[in-house]
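Architecture and fold: a report
Listed below are the residues making up each chain.
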Amino acid sequence: MNQDLKKAIRELNVDNKLIRKKTLETIRANREEATEYFLQSLDAMIDDPMTENIRIIDESFFGVFFLAEWKETSAFKKVQKLFHLLGDNIHRWTGDALTENFPAVLWQLYDGDFENLKIGMLDGEMESFARTPFMDIIFQMYTDGEISKSMLLEIMESLEKIPEEENDYLVVTELCLNMVKAHIYEYLPKIRQWFEKDFIDPMIAGYYSDYVDILFEKRFDEGEFVNKDFALERELHKWYEIEGWENQKGNIQRDFSKIDFNSAVERAYDMLENPFKNVGRNDPCPCGSGKKYKKCHYLIASTFENKDNGIEKNKDRDKHLKYYPRLSFNPETMEDRADFVRDEGRLYLEDLYDRESISIDYYVYLAFKQDNKATFDMRSAEEKKQHEVIKKAYLKRARELYDKKVIKDNIADTEEFDKKYSIHYMVDEWINN
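Residues numbered from 1 in each chain as written. Predicted model: local features only at pLDDT ≥ 70, side-chain atom pairs only at ≥ 80, totals over all residues. Heavy atoms only, no water.

A few words on the overall build of the protein. In terms of regular secondary structure, the protein is built from 22 helices and two strands. Sorting the 433 residues of the protein into buried and exposed places 48% on the buried side. Residue pairs at least 24 apart in sequence account for 70% of intrachain contacts in the protein once pairs closer than 6 positions are excluded. Accessible area of the protein: about 22200 Å², with a carbon and sulfur share of 46%. (Helix = DSSP H or I, 4+ residues; strand = E, 2+ residues; numbered from the N terminus. Buried < 20%, exposed > 50% of the residue type's maximum accessible area, 1.4 Å probe, protein only. Contact = heavy atoms within 4.5 Å. Areas by Shrake-Rupley, 256 points an atom, 1.4 Å probe, with all protein chains shown as cover.)

Here the focus is the environment of Thr143. Tracing the sequence through the fold places Thr143 in helix H10 (residues 128-143). In this structure Thr143 comes out as partly exposed when scored by relative accessible area, which is 32%. Between the alpha carbons of Thr143 and Glu222 there is a distance of 9.3 Å; along the sequence they are 79 residues apart. In this structure, Thr143 is in contact with Gly223 and Phe225, ignoring residues within four places of it in sequence.

The next point concerns the packing of aromatic side chains. Summed over all chains, the structure comprises 27 aromatic pairs. Considering the side-chain rings of Tyr324 and Tyr365, the 4.7 Å spacing of their centres and the 70 degrees angle between planes classify their relative orientation as edge-to-face. Of this pair, Tyr324 sits in the loop between helix H19 (314-320) and helix H20 (355-368) while Tyr365 sits in helix H20; the two residues are 41 residues apart in sequence, bridging distant segments of the chain. The same class applies to Tyr324 as to Tyr365, namely buried. With a centroid separation of 6.2 Å and an interplanar angle of 35 degrees, the aromatic rings of Tyr363 and Tyr394 are classed as tilted. Taken as a pair, Tyr363 in helix H20 and Tyr394 in helix H21 (residues 381-408) lie far apart in primary sequence, 31 residues in all. There is no split in this pair, since Tyr363 and Tyr394 are both buried. Aromatic rings pair up to connect Phe61, Phe62, Phe65, Phe76, Phe83, Trp93, Phe102, Tyr110, Phe134 and Tyr240 into one cluster. Against the face of Tyr421 rests Lys405, its NZ or CZ located 4.5 Å from the ring centre. (Phe/Tyr/Trp six-rings, centres within 6.5 Å; stacked < 30°, edge-to-face > 60°. Lys NZ or Arg CZ within 6 Å of the ring centre and 35° of its normal.)

Every buried residue belonging to helix H14 (residues 188-196) is among Leu188, Ile191, Arg192, Trp194 and Phe195, and all of these are buried. Seen along its axis, H14 keeps its buried residues to an arc of 165 degrees; they face one direction. In this structure, H14 carries Pro189 and Glu196 as exposed residues pointing more than 90 degrees from its buried face. The first or second residue beyond H14 is Asp198, which carries a positive phi of 60 degrees. (Arc of directions from axis to C-beta.)

Taken as a whole, the protein shows an average pLDDT of 85; of its residues, 85% reach a score of 70 or greater. Of the regions scoring below 50 in pLDDT, residues 248-273 engages in 52 contacts with residues more than four places distant in sequence or in other chains. (pLDDT = per-residue confidence, 0-100.)

Moving on, we come to the pattern of salt bridges. Side-chain pairs of opposite charge can arise whenever the charged atoms involved come near each other. Taken as a whole and judged by the stated rule, the model has 28 salt bridges. With its nearest N and O atoms 3.6 Å apart, the salt bridge here joins Arg92 to Glu52. A residue pair is termed long-range when its members are at least 10 positions apart, and Arg92 in helix H6 (residues 91-94) and Glu52 in the loop between helix H3 (31-47) and helix H4 (54-69) qualify at 40 residues. One salt-bridge network, in which partners are shared between bridges, spans Asp354, Glu356, Lys405, Lys408 and Asp409. (Salt bridge = Lys/Arg side-chain N within 4 Å of Asp/Glu carboxyl O.)

Attention now goes to the packing of H20 against H21. Relative orientation of the contacting elements H20 and H21 amounts to 160 degrees, with a least axis distance of 8 Å. Considering their axes alone, H20 and H21 lie roughly antiparallel with respect to each other. Here H20 and H21 pass one another in a crossing that is left-handed. On H21, the residues touching Glu356, Ser357, Ser359, Ile360, Tyr363, Val364, Leu366, Ala367 and Phe368 of H20 are Lys391, Tyr394, Leu395, Arg397, Ala398, Leu401, Tyr402, Lys405 and Lys408. (Axes fitted to C-alpha atoms, helices over the stretch in contact; angles between N-to-C directions. Parallel < 35°, antiparallel > 145°, perpendicular 65-115°, else oblique. Left-handed = near helix turned anticlockwise from the far one by under 90°.)

This brings us to helix H2 (residues 21-29). For H2, the complete set of buried residues consists of Thr23, Leu24, Thr26 and Ile27. Here the buried residues of H2 occupy an arc of 165 degrees about the axis, which is enough to place them on one side. In this structure, H2 carries Lys22 and Ala29 as exposed residues pointing more than 90 degrees from its buried face. Next to the buried residues of H2 lie helix H1 (3-10), strand S1 (18-19), H3, H4, helix H17 (232-236) and strand S2 (241-242).

This next bit is on the environment of Asp168. Locating Asp168 in the fold gives a position in the loop between helix H12 (162-166) and helix H13 (169-181). Note on Asp168: relative accessible area 10%, which makes it buried. In this structure, the C-alpha to C-alpha distance between Asp168 and Glu127, residues 41 residues apart in sequence, is 9.4 Å.

On to unusual backbone geometry. Negative phi characterises most residues that are not glycine, and trans characterises most peptide bonds. A positive phi is found at Lys71, a non-glycine position, where the angle reads about 55 degrees. Position of Lys71 relative to the elements: it lies in the loop between H4 and helix H5 (76-86). Lys71 gets classed as exposed once you look at its relative accessible area, which sits at 53%. Even without being a glycine, Met334 presents a positive backbone phi close to 65 degrees. The residue Met334 is located in the loop between H19 and H20 in this model.

What follows concerns the environment of Lys322. Inspection of the secondary structure assignment puts Lys322 in the loop between H19 and H20. Lys322 sits 109 residues away from Asp213 along the chain, and the two C-alpha atoms are 9.7 Å apart.

On to the packing of H10 against H13, then. Between H10 and H13, the least distance of the axes is 9 Å, while the angle of their chain directions is 20 degrees. By the angle between their axes, H10 is roughly parallel relative to H13. Relative to H13, H10 is oriented so that their crossing is right-handed. In contact with Ser128, Phe129, Arg131, Thr132, Met135, Asp136 and Phe139 of H10, H13 contributes Leu170, Val171, Glu174, Leu175, Asn178 and Met179. Across the contact of H10 with H13, the residue classes break down as seven nonpolar, three polar and three charged. (Nonpolar A, V, L, I, M, F, W, Y, C, P; charged D, E, K, R; others polar.)

Given below as structure tokens:
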């Protein structure tokens, strides 16, 4: 190996937070020689996965990024074998780059051996985060039209034994998340079942209702399970400063369709009546607490005042509906939305459920959004009471619509209703709430 290349490679180490532009240029200028050296570094890691030789660890790690840039497919099986051998010790080689970079790296290295992809995904000796990139590649192939939905479902069926046999909930969580990102509605019953058995980690992507939202969401990264637009500088820039390079990725903004319910009815719900209507702020509170009204039930009473839909302000409601599936009608009035335009090839809630069941789901959804886990513990006692009032009002409206639906469609019990009409929540989760 020539001395310039040797020096450049030696400059690559995890403790050096600045990668010089000349270092990258020198390695790229000696691609053939560098390729051979990086492949040998991987072999050295395979021979002794638990090596303490920092140079071998660093050079094989950085080398994988160059091999990915050059699409050196002979490296794929080497990386896969190293993942297998390292097992739960994988992070001593990859660090956090395992989840941030390696799906894109493996996509670049993929050698076309589809059966080997499945072996990697099912390899129980690998650490969970090391298995998911193989799964991501298979899903990418599905969205790219290289494999059919039936083939995808058949392949993923082999993962369904994992929760009970391997106790590996992360792989199952990633599987379910990928299924809804791919808009595969048929998998929802299985996802529901696994949530009921606590096989899915809600810390990764939320609860069942969140998975339903993702299923119908038009994402800014639609159809992207791995970053196919590989750029070595961008990948390494996540961890290191790259001399003379600015992030070319740009700021990607989600393109969420705004849900316009401002044309909703101006009436208030007849089920609500403000019991504090004629009480002054400094009057004794009618509840009998002995406190002034402004120090007691004033905040709760404000729930009944100046609400655009009779329950809460439109801006607050729309904030809760940010991720709710886009609809062609207003669930509060059942009127068509004049501005609705259907995107060709996209799955909509109305393709699967009628408007009456969607309207019931809509109110239940808004009710449970009052229990926002991110802010609930930060609310004052009075604020919590206020949101409880809003929640009960939404659930009451949902119950009224539910009772009508049950009578109209001659539904025998909640189990039958769930099977036909429940969307984000099962009936028993809210009916007696």
